[in-house]
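Structural overview
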Amino acid sequence: VLAEDARNKLPKNWESRKRQAEWILSDEQQRKEAEKEGKDYDRMKLMEISCIDAHRIEKKKRNKNPDQGFSSYEAQTARQYERLIKSMPPADMVKYEQKKAELGEAFYGGPNAILHNVVKDTPEAIEKMVKDLEQQIDRRKKYSRRRTYNDDADVDFINERNSKFNKKLDRFYSEYTAEIKQNLERGTAL
């Protein structure tokens, strides 16, 4: 009874956590033994995996989509930040300290800092910004899809906004109003 009570008080995932901890310990032990023998543990481990398992693992890796698309504005901002950080060159600490000494308190841009006509952008920085903006425009062009206009389609709208409204109505009610529409076109409507 005491053993059962103690087992009930353990967390629900206790068994899986215990198995995982044992696997980690045995993995480390096998790695140490392989190092003593002078063998590559990762290679030894791959030799023990069957072809079917290796194929399944590879397929799972391939199916993972690194680009999750838009989920939230916060995630989008974080992704853009990471992308911009990757493209930045390493910081030149000499120039950084020189600029810091030159600007003094205005370097950190507090509420009373006036930077107008104090900081001049270099032509290289301006070129870099223009190049980055052009890349953003090119990327946006790839993702936007232009809808083709069908000249043969019936004109049942008076402007673009009305056209979109009519398409929305068609999506939801076309199956119910198809017969009425045909009667109107034939002139047999009551």
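For the structure, see preceding data.
Scope of this entry: the structure provided in the associated data block. None of these values were measured; they are calculated from a predicted model. (Residues numbered from 1 in each chain as written. Predicted model: local features only at pLDDT ≥ 70, side-chain atom pairs only at ≥ 80, totals over all residues. Heavy atoms only, no water.)

Here we look at the overall build of the protein chain
A count of helices and strands for the protein chain gives eight helices and zero strands. Its helices and strands taken in sequence order, the protein chain reads α-α-α-α-α-α-α-α from the N to the C terminus. Over its C-alpha trace the protein chain gives a radius of gyration of 33 Å, far above what one expects of a compact globule, namely 16 Å for 190 residues. Of all 190 residues assigned to the protein chain, the portion counted as buried reaches 5%. In the protein chain, of all internal contacts separated by at least 6 residues, the share reaching a separation of at least 24 is 23%. Carbon and sulfur atoms make up 54% of the accessible area of the protein chain, which amounts to about 19,000 Å² in all. Once the 41 positive and 36 negative side-chain charges of the protein chain are each reduced to a mean point, those two points are 2 Å apart. (Helix = DSSP H or I, 4+ residues; strand = E, 2+ residues; numbered from the N terminus. Rg over C-alpha atoms; globule rule 2.2 N^0.38 Å. Buried < 20%, exposed > 50% of the residue type's maximum accessible area, 1.4 Å probe, protein only. Contact = heavy atoms within 4.5 Å. Areas by Shrake-Rupley, 256 points an atom, 1.4 Å probe, with all protein chains shown as cover. Lys, Arg positive; Asp, Glu negative; His and termini not counted. Charge placed at Lys NZ, Arg CZ, Asp CG, Glu CD.)

A short note on the packing of helix H2 (residues 14–37) against helix H3 (residues 41–48)
The relative placement of two packed helices is expressed as an angle between their axes plus a distance between the axes. Direction vectors running N to C along H2 and H3 enclose 115 degrees, while the axes themselves pass 9 Å from each other. Counted together, Trp23, Asp27, Gln30, Arg31 and Ala34 of H2 and Tyr41, Asp42, Met44 and Lys45 of H3 form the full contact between these two elements. For the contact of H2 with H3, the class distribution of residues is four nonpolar, one polar and four charged. (Axes fitted to C-alpha atoms, helices over the stretch in contact; angles between N-to-C directions. Nonpolar A, V, L, I, M, F, W, Y, C, P; charged D, E, K, R; others polar.)

A closer look at the packing of helix H5 (residues 73–87) against helix H7 (residues 123–143)
Close contact between H5 and H7 brings their axes to 14 Å; oriented N to C, the two are set at 135 degrees. Regarding the angle of H5 to H7, the classification is oblique. Along this stretch, H5 crosses H7, giving a crossing that reads as right-handed. Here Gln80, Arg83 and Leu84 of H5 lie close against H7, whose contacting residues are Asp132, Gln136 and Arg139. Each residue belonging to the contact of H5 with H7 can be placed in one class, and the counts come to one nonpolar, two polar and three charged. (Parallel < 35°, antiparallel > 145°, perpendicular 65-115°, else oblique. Left-handed = near helix turned anticlockwise from the far one by under 90°.)

Points about the side chain of Asp27
Tracing the backbone shows Asp27 in helix H2. With sequence-adjacent residues up to four places away left out, Asp27 is seen in contact with Tyr41 and Lys45.

Points about the pattern of salt bridges
One pass over the structure, following the stated rule, counts five salt bridges. In this structure, Lys9 and Asp5 form a salt bridge, with 3.4 Å as the shortest nitrogen-oxygen distance. Placement of the pair is Lys9 and Asp5 together in helix H1 (residues 2–9), with a separation of four residues, close to one helical turn. We classify Lys9 as exposed; its relative accessible area is 66%. Salt-bridge contacts for Lys45 lead to Asp27; the nearest nitrogen and oxygen are separated by 3.7 Å. Note that Lys45 is positioned in helix H3 and Asp27 in helix H2, a separation of 18 residues in sequence. Note on Lys45: relative accessible area 31%, which makes it partly exposed. (Salt bridge = Lys/Arg side-chain N within 4 Å of Asp/Glu carboxyl O.)

Points about a nonpolar patch on the surface
A cluster of nonpolar residues, Phe165, Leu169, Phe172, Tyr173 and Tyr176, forms a patch on the protein surface that exposes about 580 Å² of accessible area. Relative to the helices and strands, Leu169 is located in helix H8 (residues 160–186). Given a relative accessible area of 32%, Leu169 falls into the partly exposed group. (Patch = residues over 30% accessible without salt bridge, like charges linked within 9 Å, V, L, I, M, F, W, Y side chains within 5 Å.)

In short, geometric facts, not functional conclusions.
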